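# Overview (structure and organization)
Okay, here's what each chain looks like letter by letter:
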Amino acid sequence: MLNLTDITHQFADKILYENLNLQVNRGEHVGLIGQNGTGKSTLIKIITGELLPDNGRVEIPRNSHLGYLDQYVQVDETLTIYDFLKTAFQKELDKEARITAYYTEYSETMDDRLLENAGRLQTELDQGEFYQMDTLIHEMATGLGIQVLGLDTVLKELSGGQRSKVILAKLLLEKPEILVLDEPTNHLDDTHVLWLTNFLQNFSGTFLVVSHDRDFLNEITTHIADIEFGKMTKYTGNLKKALKQKEANRETYLKQYENQKKQIEKTEAYIRKYKAGSRSTMAKSREKQLDKVERLTPPSEALKPHYQFPYHNIVSTLALTTDHLVIGYEGKPLLSPIQLTIRYGEKVAIRGFNGVGKSTLLKTLIGEIPAVDGEFQLPANTKINYFSQDLAWEYPLETPLQYLGDLFPKASIKELRRHLSLAGLVNQLAQEPMKNLSGGEQTKVKLAQMTMTPGNFLILDEPTNHIDQQAKESLQESLINYEGTVIVVSHEQEFYEDWVDRIVDIRE
């Protein structure tokens, strides 16, 4: 269903892949994995035709429908959610319109061929899912948490996350032969991730999914395609089986690399020693042989990130109290009044389905949007360090170094580089424009910013959306060791369930 042959692609000075190959067969459910910056999202763009590779080719069977989850696709924002989801059945709607046109024309011409054409199209509609359209739309809307928004809501009234869910719903209703999903769980909560997991497990077509949610990938995949060392390795089995096999392969590869490196160094030393002497002929012969050796790619230099959020001392018993706090937008409440008390130093996860108001609550607490009613109290000297899930930059051409330099003008270049490096961004990436960085790399810039901001109250809104497993583990570690108060919103229960003191379900 999908064939990638000798794909080579370079981004600025960085070679992402060299002669990368992948074959995805009919019915396979493939998870695409790799550390941040290995080029997963770039490869998705190459597959969908948004980007052309420097070399190589992408082959998809003729007449196959490839469906791609593009969260930034242009949509008619005047449509209601229901009317937009109906467009998933556009081919069937067009057939219905043609049947009506045939009957209208027949009433004028009495041409029996028109009746035959109408009958053929009617049979196609009867054999498909057209007459279950309403049921399928409502099932999908309920499963992905869209029903709660109101299907008569106009698209332009939706937030970015809500819009992404609606686009995902339409794509799944289309049931393409090949489905390409880039981080489909980013705007879903636990309940809806579970529903999507079940849907994809039973999906009869072929799909390729990029996700940093390990539990989700493990449940839905039959194969794993892993990008490492600029090459692609395909494993049979789910994520757990693939990672076990990968570890064994990695150890073998590292041994081969070290042996080759020693052999090359030994040969080079011999050539230097004898090139001009009595054994020059043999030295030149060895030099020619060495030139023909296909050198193994050096192991990845990606260091494990290390996050340390600076603590600003405060003396207090309570970190947050709310008194009949009503949150919402433009005076419209999202929830009934919130009564919440968080003790100082407590670590709390806030849970609830998407669109219920988790991000709105956080934005209200940091003062970004006003409360609709009621109030909340933070002790004097509270210093909030906030992580927003949005990856929107005022100046997308700015580099991470320039971005942090503007925020912290007293910091030296050396200090800025150190914080970026500890966050997992090596020197070269520190000087790339923000728009060229992957979602995970952009997230690491925001985390680097937090490591330079003293505070005693960390508020994090979906911090794990784009980051790889190593970065997640480092972030977990730093939050466990943090002296102050922590509120975290995350759709990945695995990320927070072992270290938070309390889980607050915002609906209750």
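Bear in mind the structure is a predicted one, so any value in this text is a computation, not a measurement. (Residues numbered from 1 in each chain as written. Predicted model: local features only at pLDDT ≥ 70, side-chain atom pairs only at ≥ 80, totals over all residues. Heavy atoms only, no water.)

### Here's the deal with the overall build of the chain
Summing up its helical and strand segments, the chain has 17 helices and 19 strands in all. If one aligns the C-alpha atoms of the chain with their principal axes, the spans along those axes are about 100 × 75 × 40 Å. Within the chain, the fraction of its 508 residues that count as buried is 48%. Across the chain, the fraction of contacts at a sequence separation of at least 24, relative to all contacts at a separation of at least 6, is 71%. Of the accessible surface of the chain, which amounts to about 26100 Å², a share of 48% is contributed by carbon and sulfur atoms. Computing the positive centroid from 56 side-chain charges and the negative centroid from 72, the chain places the two 12 Å apart. (Helix = DSSP H or I, 4+ residues; strand = E, 2+ residues; numbered from the N terminus. Buried < 20%, exposed > 50% of the residue type's maximum accessible area, 1.4 Å probe, protein only. Contact = heavy atoms within 4.5 Å. Areas by Shrake-Rupley, 256 points an atom, 1.4 Å probe, with all protein chains shown as cover. Lys, Arg positive; Asp, Glu negative; His and termini not counted. Charge placed at Lys NZ, Arg CZ, Asp CG, Glu CD.)

### A few points about the sheet that holds strand β6 (residues 178-182)
Spatial ordering of the open sheet is given by β5-β6-β7-β3-β8-β9, a layout of six strands whose pairing is mixed. Sheet topology places β5 (66-68) and β9 (231-236) at the edges, where each strand pairs with a single neighbour. Along the sheet, successive strands turn relative to each other by an average axial angle of 20°, direction set aside. Bridge count between strand β3 (residues 29-33) and strand β7 (residues 206-210): four bridges; the pairing is parallel. When the bridges of β7 are listed, L32 appears paired with V210. (Pairing = 2+ DSSP bridges. Axes fitted to C-alpha atoms, helices over the stretch in contact; angles between N-to-C directions.)

### Describing the environment of K472
Take K472: it is sitting in helix α16 (residues 469-481). Given a relative accessible area of 3%, K472 falls into the buried group. Residues K472 and L69, 403 residues apart in the sequence, show an inter-C-alpha distance of 24 Å.

### Looking at the pairing of β7
A regular strand places its side chains on the two faces of the sheet in alternate fashion. Burial analysis of β7 places five of its five residues in the buried class, the great majority of the element. Of the two faces of β7, both are covered, the one formed by T206, L208 and V210 as well as the one formed by F207 and V209. The parallel pair β6 and β7, bridged by helix α7 (residues 190-201), forms a crossover whose chirality is right-handed. (Right-handed = clockwise from strand over helix to strand, strands pointing away.)

### Description of the packing of helix α12 (residues 400-407) against helix α13 (residues 413-422)
At their nearest, the axes of α12 and α13 sit 10 Å apart, and the two run at 115° to each other. At the point where α12 passes α13, the crossing takes the right-handed sense. Between α12 and α13, the residues in contact are P400, L401, L404 and G405 and I413, L416, R417 and L420, respectively. Along the lines of polarity and charge, the residues of the contact of α12 with α13 split into six nonpolar, one polar and one charged. (Left-handed = near helix turned anticlockwise from the far one by under 90°. Nonpolar A, V, L, I, M, F, W, Y, C, P; charged D, E, K, R; others polar.)

### Concerning the environment of G405
Within the secondary structure layout, G405 lies in helix α12. Of the residues examined, G405 reaches a relative accessible area of 22% and is grouped as partly exposed. Remark: the alpha-carbon pair of G405 and T341, spanning 64 residues in sequence, is separated by 37 Å.

### What about a positive patch on the surface?
Taken together, the side chains of K266, K273, R279 and R286 make up a positively charged region of the molecular surface. Along the chain, K273 falls in helix α9 (residues 239-274). (Patch = residues over 30% accessible without salt bridge, like charges linked within 9 Å, V, L, I, M, F, W, Y side chains within 5 Å. Salt bridge = Lys/Arg side-chain N within 4 Å of Asp/Glu carboxyl O.)

### Description of the UniProt feature "coiled-coil region" (unreviewed entry) in the chain
Under the local residue numbering, the UniProt record ascribes the feature "coiled-coil region" (unreviewed entry) to residues 243-270. This span, residues 243-270, is 100% helix and 0% strand, and a straight line between its end C-alpha atoms measures 40 Å. (UniProt positions renumbered as here; feature names shortened; annotations may be inferred.)

### A look at the pattern of salt bridges
All chains considered together, the criterion is met by 16 salt bridges. The residue R57 makes a salt bridge to E59 at a minimum N-O spacing of 3.6 Å. A relative accessible area of 47% means that R57 is categorised as partly exposed. One salt-bridge network, in which partners are shared between bridges, spans K95, R120 and E124.

### Focus on the packing of aromatic side chains
Counted by the stated rule, this structure contains eight aromatic pairs. An angle of 55° between the planes, with centres 4.7 Å apart, marks the rings of Y270 and Y274 as tilted. Here the residue Y270 and the residue Y274 both occupy positions in helix α9, the gap between them amounting to four residues, near one helical turn. Each member of the pair, Y270 together with Y274, is buried. When the ring of Y311 is compared with that of Y482, the centres are 6.2 Å apart and the planes differ by 85°; the resulting orientation is edge-to-face. Here the residue Y311 occupies a position in the loop between α10 (280-292) and β10 (318-326), and Y482 occupies one in the loop between α16 and β18 (485-489), the gap between them amounting to 171 residues. Since its relative accessible area comes to 26%, Y311 is described here as partly exposed. Of the residues examined, Y482 reaches a relative accessible area of 6% and is grouped as buried. Sitting over the ring of Y270, R286 keeps its end group 3.9 Å from the ring centre. Of note, K446 hangs over the ring of F387, and the distance from its end group to the ring centre comes to 5.2 Å. (Phe/Tyr/Trp six-rings, centres within 6.5 Å; stacked < 30°, edge-to-face > 60°. Lys NZ or Arg CZ within 6 Å of the ring centre and 35° of its normal.)

### Some words on the nonpolar core
Within soluble globular proteins, side chains that are nonpolar generally end up buried alongside one another. Membership of the largest hydrophobic core comes to 52 residues, with the highest contact counts inside it found for I81, I146 and L200. With seven residues, the single largest contributor to this core is helix α6 (residues 160-174). When near neighbours in sequence (up to four residues on either side) are disregarded, L200 contacts H29, L179, L181, F207, F216 and I220. Grouped together as the second largest cluster of nonpolar side chains are 36 residues, Y307, L404, F495 and V500 included. (Core = buried A, V, L, I, M, F, W, Y, C linked by side-chain atoms within 4.5 Å.)

### Things to note about the packing of helix α5 (residues 133-143) against α7
Taken N-terminus to C-terminus, the directions of α5 and α7 make an angle of 130°; their axes are 9 Å apart at the nearest point. Our classification of the angle between α5 and α7 gives oblique. Where α5 approaches α7, its residues E139, M140, T142 and G143 are matched on the opposing element by H192, W195 and F199. (Parallel < 35°, antiparallel > 145°, perpendicular 65-115°, else oblique.)

### Side note on the sheet that holds strand β15 (residues 373-377)
One open sheet accounts for three strands, arranged β13-β10-β15; its pairing is antiparallel. Each edge of the open sheet is held by one strand with a lone partner, namely β13 (341-343) and β15. Strand-to-strand twist of the sheet, defined as the mean angle between neighbouring strand axes without regard to direction, takes the value 5°. Strand direction decides the pairing type here: β10 and β13, joined by three bridges, are antiparallel. Considered in β13, the bridge of T321 is made with T341.

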